[in-house]
Amino acid sequence: MRLDKLLAHSGFGTRKDVKKIIRSGLVEVNGIIIKNDDFKVDENNDEIIVDDFIVEYNKDIYLMMNKPKGYVCANHDRIHETVFDLIPEYNHCNLFCVGRLDIDTTGLLLITNDGAFSHSITKPKKKIMKLYEAIVDGKIKSSDYEYFKKGVIIDDGYKCLPANLELIEEKTDYSIIRIEISEGKFHQIKKMVNAIGLNVLELKRLKIKDLELDSSLELGDYRLLDESEVKNLLHCTPSGQ
């Protein structure tokens, strides 16, 4: 593999950025300073060091992002900015979103280039639990909790799988609630809330399976998942069981 491609893939910047790093003499391959960005390396066996940092190459990329409002979960869009505009250093890595969040929904979004990983999480029969926090324009009734457990019928007549509804805080004209679902139908949370006579004002995803949104990530920030987080998400047992 070309040295510049490997470094860009490993998160050291765009291809243009890593060419500057290489040509400045900050990269060593097996103890030898390399200044040619097209230098061929063995990504599995060569020791590659960038400014005293040892590069560990991994062809698969797994990112957690705290998605902000105003960005769509698409690789290209003629009208709106996409979440990939927030990670330009990975624009050569063939990444895609693991599921989607609406343009006005914030919170935990997974991005990868591993199709098997994405399929494992989004496949309906896996029933991976996802936790959302919503601000709604009213109060929750005692009967709503049981309705969610039995399966809410949304506007197209579809009966949702059993879901968990929790009241976090109740104010005069709005409530903060949490909803845990094992599906991912189009606008599902909003439609479930509509089914009990309320509207979602704000929506944020907090958790997928046992993976919680990193509290240190500001809106628009992201980080690589560590090995244990990836393995846990790939484990076949649905969260909560």
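Structure shown above.
Residues numbered from 1 in each chain as written. Predicted model: local features only at pLDDT ≥ 70, side-chain atom pairs only at ≥ 80, totals over all residues. Heavy atoms only, no water.

### Concerning the packing of helix 3 (residues 115–122) against helix 6 (residues 227–234)
Threshold: For helices, the fitted axis covers only the stretch in contact; all axes are lines through C-alpha atoms, and the angles between them, taken along N-to-C directions, range from 0 to 180 degrees. Here a strand is any run of E in DSSP of at least two residues, a helix any run of H or I of at least four, and the numbering for each starts at the N terminus. An angle below 35 degrees is treated as roughly parallel, one above 145 as roughly antiparallel, one from 65 to 115 as roughly perpendicular, and anything else as oblique. Pairs of residues are marked as contacts when any of their non-hydrogen atoms sit within 4.5 Å. We call Asp, Glu, Lys and Arg charged. Ala, Val, Leu, Ile, Met, Phe, Trp, Tyr, Cys and Pro are nonpolar, and the rest, Gly among them, are polar.
Contact geometry for helix 3 and helix 6: axes closest at 9 Å, N-to-C directions at 50°. Considered as vectors, helix 3 and helix 6 are oriented oblique to each other. Taken together, the residues of helix 6 that come into contact with helix 3 (itself represented by Phe 117, Ser 120 and Ile 121) are Val 230, Leu 233 and Leu 234. A breakdown of the residues in the contact of helix 3 with helix 6 according to their chemical character gives five nonpolar, one polar and no charged.

### Quick word on the pairing of strand 5 (residues 62–67)
For clarity, the threshold we go by: Throughout this description, buried means an accessible area under 20% of the type-specific maximum (1.4 Å probe, protein chains only), exposed means over 50%, and partly exposed covers the range between. Note on pairing: DSSP must find at least two bridges between two strands before they are called paired.
In terms of burial, strand 5 is largely enclosed, as six of its six residues are buried. Here strand 5 shows a buried face lined by Tyr 62, Met 64 and Asn 66 and a second buried face lined by Leu 63, Met 65 and Lys 67. Two strands pair when backbone bridges link them, and strand 5 and strand 9 (residues 105–112) are joined in this way by six bridges, in the antiparallel orientation. Residue pairing for strand 9: Met 65 is matched across the bridge by Leu 109. Here strand 5 runs beside strand 15 (residues 222–224); their pairing, made up of three bridges, is antiparallel.

### Regarding the pattern of salt bridges
Applicable threshold: We count a salt bridge whenever a side-chain nitrogen from Lys or Arg sits within 4 Å of a carboxyl oxygen from Asp or Glu.
All told, the structure shown has 16 salt bridges when counted by the stated rule. Several salt bridges converge on common partners, so that one network encompasses Arg 2, Asp 4, Lys 19, Arg 23 and Asp 37.

### Looking at the packing of aromatic side chains
Note the cut-off: In summary, the pairing rule links any two rings of Phe, Tyr or Trp, Trp by its six-membered ring, whose centres are within 6.5 Å, and it sorts them by plane angle into stacked for under 30 degrees, edge-to-face for over 60 and tilted for everything else.
For the structure on display, the rule yields two aromatic pairs. A ring pair is formed by Tyr 62 and Phe 117, whose centres lie 4.7 Å apart and whose planes are at 65°; its orientation type is edge-to-face. Highlighted residues: Tyr 62 in strand 5 and Phe 117 in helix 3, separated in sequence by 55 residues. Judged by its relative accessible area of 1%, Phe 117 is buried.

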